[in-house]
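Coordinate inspection notes
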Amino acid sequence: MSKNLENVWSNCLEVIKDNVPLQAFKTWFAPIKAVKLKSNILTIQVPSQFFYEWLEEHYIELLKKTIRKEIGPDAKLEYSIIMENNKNSSNPYTVKIPTTDKRAIKNRPVAMPLDISSNPIRNPFIIPGLRKVNVDSNLNPNYSFENFVEGDCNRLARSAGYAVAEKPGGTAFNPLLIYGGVGLGKTHLSHAIGISIKNRFPNKTVLYVSSEKFTHQFIDSVKNNNTNDFIHFYQMIDVLLIDDVQFFAGKEKTQDVFFHIFNHLHQTGKQLVLTSDKPPVELQGMEQRLLSRFKWGLSADLQVPDLETRIAILQKKMYQDGIELPKEVIEYLAYSISTNIRELEGALISLIAQSSLNKKSITLDLAKQMIDKFVKNTAREVSIEYIQKVVCDYFDLPIELMKSKTRKREVVQARQIAMYFSKKMTKSSLANIGMHCGGKDHATVLHACRTVNNLADTDKTFRRYLDDLEKKLSLQ
Ligand code: ADP
Ligand code: MG
């Protein structure tokens, strides 16, 4: 009985979907195409070498199990990799995995026009005494929940925000304090909460304001002798979103007036959402009584997004702007800029701008050139050779041994460590790392990385070697 390709693969996808987070599913499985099923070999087409390695590294067990369940115990998986868009694209591209070979299909051109219209936040000065309904919420419609990509890095903050939006003032999350580093989405998320509340409860008065603006307004009100109006105005707000409260640090008078507004709103069941670049305990120059108020509700942090989330964010942004980019360019951007989403978006925008100015298509090379200029503060990538040299010096081994095929114990270990650091600190593919380290294949490199991780967890001396080496390598 022959099985039908579509059925088999869609059954596999069903199972996989239940076993990985939705975001991961969308990033890594939705783009896969099943292209062939012959006897017991299933061939799937993936968009890039990188993609293939990611699957092998993170999902191979799941894939194996699922495919065996569908096709039978001796089912095999083959990958067909779409060629990267470069000059050598006429060469067929082959990757080895333990039992089989797979071939590439063809290259993919892309370059699209752009329309980067940034939508600035309106900036009205709020005039005290205005009728409630006339308060401009000061919300940027682009910063919605729909445009906010969910990932492990923001799950708690996002769901707390969502809960608050469903029931402003009616949850335990009051105040909701969202904290995290620069460019990780604090402002976006607080706007999203505001927008969502405005949509659900049009009669509620929602106000987004930065702490800086709040401070200036307060100072002006003192100058103009209408501080009471200022306070009354804020006390009639139903949902107050105050961004970057760390700005209040050291400003006693402003903290004082905010304290009173806070109390009034809280007591009357109104919702407060605050953001800060630090957790409450680390906020210096803030009055104790205010800090303790901040802790009444929930503090949720935004962390640095992982690679999958970064890719998803870029994809979302491209989709919104109607832009298409080669997969490997997106991956490269997401790989290179890891700690700040604003920078990531900035890189995407300048890449598109450059390409349209110079009428060049967006290729991996262009992305690499741009990133080199753009990301000034990221450490330069170390090379595999350099890593090998540092490791060999450290263990006092001649480098030729590391590159040879010898299986002497101490050489094997040093080689594994070099592979591990190469994987960690360079953007080389597993296959390439293996080639440099005694002509091994990608599976050996993967195995090496796992072995090193395991040893690091169980063996203190080994852990110390790694720490020493890591220091040396990052001092480059
Ligand atoms: P912060 O206020 O923490 O410095 P922002 O909220 O200004 O950061 O976010 C910086 C940029 O990154 C914004 O353009 C925002 O839309 C985008 N961004 C941040 N987090 C996400 C996310 N999870 N999904 C989509 N875009 C995001
Ligand atoms: Mg901000």
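Residues numbered from 1 in each chain as written. Chains lettered and ligands numbered in written order. Predicted model: local features only at pLDDT ≥ 70, side-chain atom pairs only at ≥ 80, totals over all residues. Heavy atoms only, no water.

**Description of the packing of aromatic side chains**
Between two aromatic rings, the relevant description is the distance of the centres plus the angle of the planes. Per the counting criterion, the structure on display carries 19 aromatic pairs. For the ring pair F258 and F262, a centre distance of 6.1 Å and an interplane angle of 80° mean the geometry is edge-to-face. On the criterion of helical spacing, the pair formed by F258 and F262 is a turn pair, its members being 4 residues apart in helix α9 (residues 252–267). Both residues of the pair, F258 and F262, belong to the buried class. Put simply, the rings of F214, F218, F230, F233, Y234, F248, F258, F262, F294 and W296 touch in pairs and so form one group of aromatic residues. (Phe/Tyr/Trp six-rings, centres within 6.5 Å; stacked < 30°, edge-to-face > 60°. Helix = DSSP H or I, 4+ residues; strand = E, 2+ residues; numbered from the N terminus. Buried < 20%, exposed > 50% of the residue type's maximum accessible area, 1.4 Å probe, protein only.)

**Here we look at the pairing of strand β7 (residues 206–210)**
Of all the 5 residues making up β7, 4 are buried; the element is thus mostly covered by neighbouring parts of the structure. Pairing geometry for β7 and strand β8 (residues 239–243), over 5 bridges, is parallel. Its bridge partner lying in β8, V206 is registered against V239. (Pairing = 2+ DSSP bridges.)

**Quick word on the sheet that holds strand β6 (residues 176–180)**
Overall, parallel pairing links the 5 strands, which are arranged β7-β8-β9-β6-β10 in an open sheet. The outermost strands of the open sheet, each flanked by one partner alone, are β7 and β10 (298–302). Direction aside, neighbouring strands of the sheet carry axes that sit 15° apart on average. Across the sheet, helix α5 (residues 155–166) lies against β6, β9 (271–276) and β10, angled at about 135° from β10, the strand it touches most. Across the sheet, α9 lies against β8 and β9, angled at about 140° from β9, the strand it touches most. (Axes fitted to C-alpha atoms, helices over the stretch in contact; angles between N-to-C directions. Contact = heavy atoms within 4.5 Å.)

**A short note on the packing of helix α2 (residues 22–29) against helix α11 (residues 307–321)**
Running from amino to carboxyl end, α2 crosses α11 at an angle of 70°, the nearest separation of the two axes being 10 Å. With respect to each other, α2 and α11 are oriented roughly perpendicular. Two secondary-structure elements touch here, α2 through Q23, A24, T27 and W28 and α11 through E308, I311 and A312. Tallied by class, the residues present in the contact of α2 with α11 amount to 4 nonpolar, 2 polar and 1 charged. (Parallel < 35°, antiparallel > 145°, perpendicular 65-115°, else oblique. Nonpolar A, V, L, I, M, F, W, Y, C, P; charged D, E, K, R; others polar.)

**Quick look at the confidence of the model for the protein**
Across the protein, the average pLDDT comes to 84, with 86% of residues at or above 70. In this model, residues 84–133 is a region of pLDDT below 50 whose contacts with residues beyond four sequence positions or in other chains number 107 contacts. (pLDDT = per-residue confidence, 0-100.)

**Some details on the pairing of β8**
Along β8, 5 of the 5 residues are buried, which leaves the element largely enclosed by surrounding structure. Burial along β8 is two-sided: the face carrying V239, L241 and D243 and the face carrying L240 and I242 are both buried. For β8 and β9, the ladder comprises 4 bridges, and the chain directions are parallel. Looking across to β9, one finds that L240 is bridged to L272.

**Notes on the side chain of E308**
Position of E308 among the secondary structure elements: in helix α11. Nearest to the buried, unbridged E308 among oppositely charged side chains is R155, at 8.2 Å. Setting aside residues no more than four positions away along its own chain, E308 makes contact with A24, T27, W28, W54 and Y59. (Lys, Arg positive; Asp, Glu negative; His and termini not counted. Salt bridge = Lys/Arg side-chain N within 4 Å of Asp/Glu carboxyl O.)

**Thoughts on the pattern of salt bridges**
Taken as a whole, this structure holds 13 salt bridges when the rule is applied. Salt-bridge contacts for K223 lead to D220; the nearest nitrogen and oxygen are separated by 3.6 Å. Highlighted residues: K223 and D220, both in helix α7 (residues 211–223), separated by 3 residues, approximately one helical turn. Exposure remark for D220: the relative accessible area of 27% places this residue in the partly exposed category. Where K424 meets E470, a salt bridge forms, and the shortest distance between an N and an O atom there is 3.1 Å. Highlighted residues: K424 in helix α17 (residues 409–425) and E470 in helix α20 (residues 460–474), separated in sequence by 46 residues. Exposure remark for K424: the relative accessible area of 45% places this residue in the partly exposed category. Each member of the salt-bridge network shares a partner with another, and the members are E150, D152, R155 and R158.

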